[in-house]
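Summary of structural features
What follows is the residue order along each chain.
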Amino acid sequence: MGMTMTQKILAAHAGLSEVKAGQLIEADLDLVLGNDITTPVAINEMQKMDNQTVFNNEKIALVMDHFIPNKDIKSAQNCKCCREFACRHDITNYFDVGEMGIEHALLPEKGLVVAGDAVIGADSHTCTYGALGAFSTGVGSTDMAAGMVTGKAWFKVPSAIKFELTGKPSRWVSGKDVILHIIGMIGVDGALYKSMEFCGDGIRNLTMDDRFTICNMAIEAGGKNGIFPVDELTEEYMKEHSKRDYKIYEADADAEYDAVYTIDLSELKPTIAFPHLPENTRTIEEAGEVRIDQSVIGSCTNGRIDDMRIAAGILKGRKVAKGVRCIVIPATQAIYLQCIREGLMEIFVEAGAVVSTPTCGPCLGGYMGILAEGERCISTTNRNFVGRMGHVDSEIYLASPAVAAASAVTGKISCPCELGL
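Cut-offs applied
Residues numbered from 1 in each chain as written. Predicted model: local features only at pLDDT ≥ 70, side-chain atom pairs only at ≥ 80, totals over all residues. Heavy atoms only, no water. Domains from an automatic or database assignment. Contact = heavy atoms within 4.5 Å. Buried area = accessible area lost by both parts, 1.4 Å probe. Salt bridge = Lys/Arg side-chain N within 4 Å of Asp/Glu carboxyl O. Phe/Tyr/Trp six-rings, centres within 6.5 Å; stacked < 30°, edge-to-face > 60°. Helix = DSSP H or I, 4+ residues; strand = E, 2+ residues; numbered from the N terminus. Buried < 20%, exposed > 50% of the residue type's maximum accessible area, 1.4 Å probe, protein only. Lys NZ or Arg CZ within 6 Å of the ring centre and 35° of its normal. Core = buried A, V, L, I, M, F, W, Y, C linked by side-chain atoms within 4.5 Å. Axes fitted to C-alpha atoms, helices over the stretch in contact; angles between N-to-C directions. Parallel < 35°, antiparallel > 145°, perpendicular 65-115°, else oblique. Pairing = 2+ DSSP bridges.

**Details of the domain arrangement of the protein**
Domain annotation of the protein identifies domain 1 (3-261) and domain 2 (271-417). Computed from C-alpha coordinates alone, the two centres of domain 1 and domain 2 are separated by 24 Å. Across the contact, 37 residues belong to domain 1 and 40 residues belong to domain 2. Between domain 1 and domain 2 the total buried area reaches about 3000 Å² when both faces are included, carbon and sulfur atoms providing 61% of it. On the domain 1 side of the contact with domain 2, Ile-102, Trp-172 and Lys-176 bury the most area, a combined 22% of that side's loss. Linking domain 1 to domain 2 there are 1 salt bridge.

Take a look at the structure:
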């Protein structure tokens, strides 16, 4: 029996000619990632080990992004811990205020991940890098600590689900709508510990930013990872952003999948995940009259330049509805600067939105947009659990940048077409 893309990458990193689903392996790592919340825990665990030296100071990335710039004393202490660790071990890829961005947008932008890599990160949305044809998955801080010391990690080889994408999305359908549709179809545990492998001729109609968004939310379906095949667009992206060599793996024709789903992208509609699970999806036509208090456009899911351009295109010449707070968060400093150069910042501010420095901020209920009791937020983030963004009696509706921007203007969940676009 043949192997999937994920299984081929894991086999190569384990030094094996082949692996099978369910097999336990030890694999070499190309990158170990941590942030300002998870890294201090990993550092504490590392201090319990006999060997307290990192395996490779160039293959560890520490990104200060969740509570940066520091929102309180505790977050400042966490960052100080990371900063001192990075200095002590001469960590090359340490990103702090002025250099940082939201980790899962920053690492591909910096060229730190390429096709064929095996990556672990102490953050559940590390699965984002599958858009580049890499195996990447989230782990706990203890596994991060072990990875920093040994350069290896244990895995149970995942079985896979194939998603055959066909057709071309309509104007206001993006990668966010694709993955929300999939999660609504299979559920939040529909891909539990499985590799979500995307293929089909419809992929050519998805931008790299669409693919990053889709892989980013694989974990919201329970997936171990999400992964796209490497095509010309992927190679162009890697050549633009990275000087590293990459390796392309392709699934065997006889690879085994637990299930196969065919999705015609042309049939999809703008999709919203209602509270309090990403699987609780409805199309824009099914949404009904839902008033909002806040709109957040950003995060590791939808804070890239395409997302900023889409939001700005809708907000241009319009005003955020009275009583609605619109918060825009470019995911990296480079994206922030590009927004300035393209005049997007002016559009956001003139519309009545505020623009934040790159940060995870409100996504995890951190800061820069916490919800009060009874408030509703439409957000381009990735989770809408109870209390995720603030008060336990607040509500989060997940959507694309297009829907989030249009909703900010109308004051209720809306499609851009309602604005005549």
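Okay, back to it.
**Here's the deal with the packing of aromatic side chains**
Following the criterion strictly, the structure yields 7 aromatic pairs and no others. Ring geometry for Phe-67 against Tyr-367: centres 6.5 Å apart, planes inclined by 65°, an arrangement best described as edge-to-face. Note that Phe-67 is positioned in the loop between strand 3 (60-63) and helix 3 (73-88) and Tyr-367 in the loop between strand 16 (354-355) and strand 17 (376-379), a separation of 300 residues in sequence. The class for Phe-67 is buried, based on a relative accessible area of 16%. Taking the relative accessible area as the measure of exposure, Tyr-367 reaches 13% and is therefore buried. Members of the aromatic cluster, joined through ring pairs, are Phe-163, Phe-198, Phe-228 and Tyr-261. Across the ring face of Tyr-193, the terminal group of Lys-156 is positioned such that the distance to the ring centre comes to 5.0 Å.

**Concerning the nonpolar core**
Core analysis: the largest hydrophobic core is formed by 94 residues, its most contacted members being Leu-62, Leu-107, Phe-155, Phe-163, Leu-165, Ile-182 and Met-196. Ranked by the residues each element gives to this core, the list is headed by helix 6 (residues 175-186), at 6 residues. Residues lining this core come from more than one domain, with at least three contributed by each of domain 1 (3-261) and domain 2 (271-417). Those residues in contact with Leu-165, other than ones at most four positions away along the chain, are Phe-198, Cys-199, Gly-200, Asp-201, Gly-202, Ile-203, Leu-206, Phe-228, Ile-263 and Leu-265. Grouped together as the second largest cluster of nonpolar side chains are 45 residues, Ile-272, Val-320, Ala-331 and Cys-360 included.

**Digging into the environment of Cys-326**
For Cys-326, the position within the fold is in strand 15 (residues 325-328). The buried category is assigned to Cys-326, whose relative accessible area is 2%. In the structure, Cys-326 is positioned 41 residues away from Tyr-367 in sequence and 14 Å away in space, judged by C-alpha atoms. In this structure Cys-326 touches Ser-295, Ile-297, Val-320, Ala-353, Val-354 and Ala-408, once residues within four positions along its chain are discounted.

**Here we look at the packing of helix 7 (residues 208-216) against helix 8 (residues 232-241)**
Packing of helix 7 against helix 8 leaves a shortest axis separation of 10 Å and a crossing angle of 95°. If you check the angle between helix 7 and helix 8, you find them roughly perpendicular. Here helix 7 contributes Met-208, Arg-211 and Phe-212 to the contact with helix 8, which in turn contributes Leu-233, Thr-234 and Tyr-237.

**Things to note about the sheet that holds strand 11 (residues 259-264)**
Either a parallel or an antiparallel arrangement is found when strands of a sheet pair, and the pairing is made through backbone hydrogen bonds. Taken in spatial order, the 4 strands make up an open sheet running 10-9-8-11, and their pairing is parallel. Every interior strand has two partners, whereas the edge strands, strand 10 (225-227) and strand 11, have only one. Strand-to-strand twist across the sheet, computed as the mean angle between neighbouring axes with direction ignored, equals 20°. By the bridge criterion, 6 bridges tie strand 8 (residues 159-166) to strand 9 (residues 194-199) in an arrangement that is parallel. By the bridge assignment, Lys-162 is partnered in strand 9 with Glu-197.

**Concerning the pairing of strand 1 (residues 24-28)**
The side-chain alternation of strand 1 yields one buried face, formed by Ile-25 and Ala-27, and one unburied face, formed by Leu-24, Glu-26 and Asp-28. Where strand 1 lies against strand 7 (residues 152-156), 5 bridges are found, and the strand directions are antiparallel. Bridging from a neighbouring strand, Ala-27 pairs with Ala-153 of strand 7.

**What to know about the sheet that holds strand 5 (residues 118-121)**
The parallel open sheet is built from 5 strands, whose spatial order is 4-3-2-5-6. Strands at the two margins of the open sheet, each flanked by one partner only, are strand 4 (93-95) and strand 6 (135-138). Here the strands of the sheet are splayed against their neighbours by 15° on average, with no regard to which way each runs. Looking at chain direction, strand 5 and strand 6 are connected through 4 bridges and run parallel. Across the sheet, the residue bridging to Val-119 is Ser-136, located in strand 6.

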